[in-house]
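Observations on chain architecture
Here are the chains, one letter per residue:
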Amino acid sequence: MGMPIRMLLAGAPGSEFRRAAELARDAGAEVAMADSCDDALAMLRESGADLVMIDVLLDVPYFLTNLRSERFTVPVLACGIDAPAEAAVAAIRAGARDYVPLPPQRELIAAAIASVIERRPSEALAEHPALERANELARAVAPSSAPVLITGERGSGKEMMSRTIHVASGRPNPMLVVECAGVAADVLESELFGHEEGAFPGAIARRIGRLEKAQSGTVLLREIGALTPATQAKLLAVLQEQRFQRVGSTDPVPFQARLIASTSVDLDARVAEGGFRADLLARLGLVRIEVPPLRERGDDIAMLANHFAERLAVSDGMAVKPICDTAMALLRRYDWPGNIRELEDAVHRAVLLSRGAQIEPGDFVLSDGTRLVSAEAESGERLHVESLVGRTVEEVERELILQTLERCHGNRTSASSILGISVRTMRNKLKAFVEAGIPVSPAA
Ligand SMILES: Nc1ncnc2c1ncn2[C@@H]1O[C@H](COP(=O)(O)OP(=O)(O)OP(=O)(O)O)[C@@H](O)[C@H]1O
């Protein structure tokens, strides 16, 4: 068996909640308790969780919106003591996976935990040789403590790759993830290194940073390119000396974890521009693993789409349906700028929208609301124009007029109205074509 399931219980402390915690522990989970949404969010940021159970008396929609905006993918169960049916329904509408009445039944808690164990992604799915090579490299470097730099487009699976390394490393402590983009430098530093009480106004108590909390686990720094020069210098010192100081302290704290950094920007280019330290990149990128974009992964698109269609239907309690061949061909042709995350979201919407026995092309909707079929039609039009590049305007105009005329079965009036030119102009053009010896559809 792998690591225990970490469960977070959010709700007003009371005997029912304590009982739920006891039952969860009996079922093999590690349990943490929070008494408000913000508290629960802070605990998730701090140490993560595999499953959250939240009281419907708390603001469940607020909690779920924050989870989504911070991109936590943890499953959430709503629970409540004699809660009105509307509260349970509202929580499920907001995105909770299920509702568990309290006082809790042993079997329900055990089943919730068992379903999380089943759904835990064991290993990244990959068949394409480019990704399989990357996975082999990941497994090969896993046992060492060398830092690893994972590069790849947004949503391509860099965090997943980092998890593969962490799991294969056999390190006893968990992997902690720190998002470096969009966070103020001082907040990020206290998140990474921790701080002492009174280190700055508002530092009311000592805080243990992620580098320390990770112990001998793994720390993933997402979007490392976003670090300011000052934080880059501090991180370089951590790698050189294997120790660091909490903000506001001079006492050294040993750094025992494995560091993995991910980036979707070209760090070599950032170094050339002076935005990233060459010495830090050299240390971080001793081992580089490139995660290829989804569009270059051939059959992986179909394999992942089938996998998501099944997994998401099961977790949403819907019937598992196959993706029809035409829809699959559409998925293979689209270029997935948002990579696996975009595919997963599109499949999820299709699973929820689909009304037929199979998932059809029209069921696929992108995050901006456009249907994949229309998105493709647009890019198809663009492709068509691209195929005209290299030809003269005169040639293209002639082709356009002749083909439109042919489609209109030689009817000059219809063709000129489609082309937005006068019938007279049309006649003059056709006359010129005939004079040049070009065949023209006879008048209808
Ligand atoms: N090989 C895979 N098999 C199954 N699911 C995958 C695989 N790779 C990625 N995913 C899923 O795709 C989504 C995006 O992956 P991940 O978060 O690892 O990407 P990322 O490159 O780290 O993203 P970002 O650039 O936004 O930081 C996640 O939901 C993840 O579970």
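Residues numbered from 1 in each chain as written. Predicted model: local features only at pLDDT ≥ 70, side-chain atom pairs only at ≥ 80, totals over all residues.

1. Regarding the overall build of the protein
- If you tally the helices and strands in the protein, you get 19 helices and 14 strands.
- Looking at the protein residue by residue over its 444 residues, the buried ones come to 32%.
- By sequence separation, contacts in the protein at least 24 residues apart represent 67% of the contacts at least 6 residues apart. (Helix = DSSP H or I, 4+ residues; strand = E, 2+ residues; numbered from the N terminus. Buried ≥ 20, exposed ≤ 12 C-beta atoms within 10 Å, placed from the backbone. Contact = placed C-beta atoms within 7 Å.)

2. Let's talk about helix H10 (residues 229-241)
- Counted at 1.5 Å a residue, the expected span for H10 with its 13 residues is 18 Å, and the 18 Å between its end C-alpha atoms agrees.
- One or two residues past the end of H10 sits glutamine 242, with phi positive at roughly 55 degrees. (Expected span 1.5 Å × (residues − 1).)

3. Looking at the environment of glycine 157
- Turning to its location among the elements, glycine 157 is positioned in the loop between strand S6 (148-151) and helix H7 (158-169).
- Through-space distance from the C-alpha of glycine 157 to that of asparagine 339 is 8.2 Å; in sequence the pair is 182 residues apart.

4. Regarding the packing of helix H17 (residues 393-407) against helix H18 (residues 412-419)
- Following both chains from N to C, one finds H17 and H18 inclined at 130 degrees, their axes separated by 9 Å at the closest point. Considered as vectors, H17 and H18 are oriented oblique to each other. As H17 packs across H18, the resulting crossing turns out to be right-handed. Facing H17, whose interface residues are Ile401, Thr404 and Leu405, H18 presents Ala415, Ile418 and Leu419. (Axes fitted to C-alpha atoms, helices over the stretch in contact; angles between N-to-C directions. Parallel < 35°, antiparallel > 145°, perpendicular 65-115°, else oblique. Left-handed = near helix turned anticlockwise from the far one by under 90°.)

5. Quick notes on the confidence of the model for the protein
- Averaged over every residue, the pLDDT of the protein is 86; residues scoring 70 or more account for 94%.
- The complex prediction reports pTM at 0.66, with the ipTM value standing at 0.97. (pLDDT = per-residue confidence, 0-100.)

6. Structural notes on the sheet that holds strand S5 (residues 98-102)
- With respect to topology, five strands assemble into an open sheet ordered S2-S1-S3-S4-S5, the strand pairing being parallel. Only two strands of the sheet have a single partner each, and these edge strands are strand S2 (30-34) and S5. With direction set aside, neighbouring strand axes in the sheet form an average angle of 25 degrees.
- Relative to strand S3 (residues 51-55), strand S1 (residues 6-10) is paired through four bridges, and the arrangement is parallel. The residue of S3 that forms the bridge with methionine 7 is leucine 51. (Pairing = 2+ DSSP bridges.)

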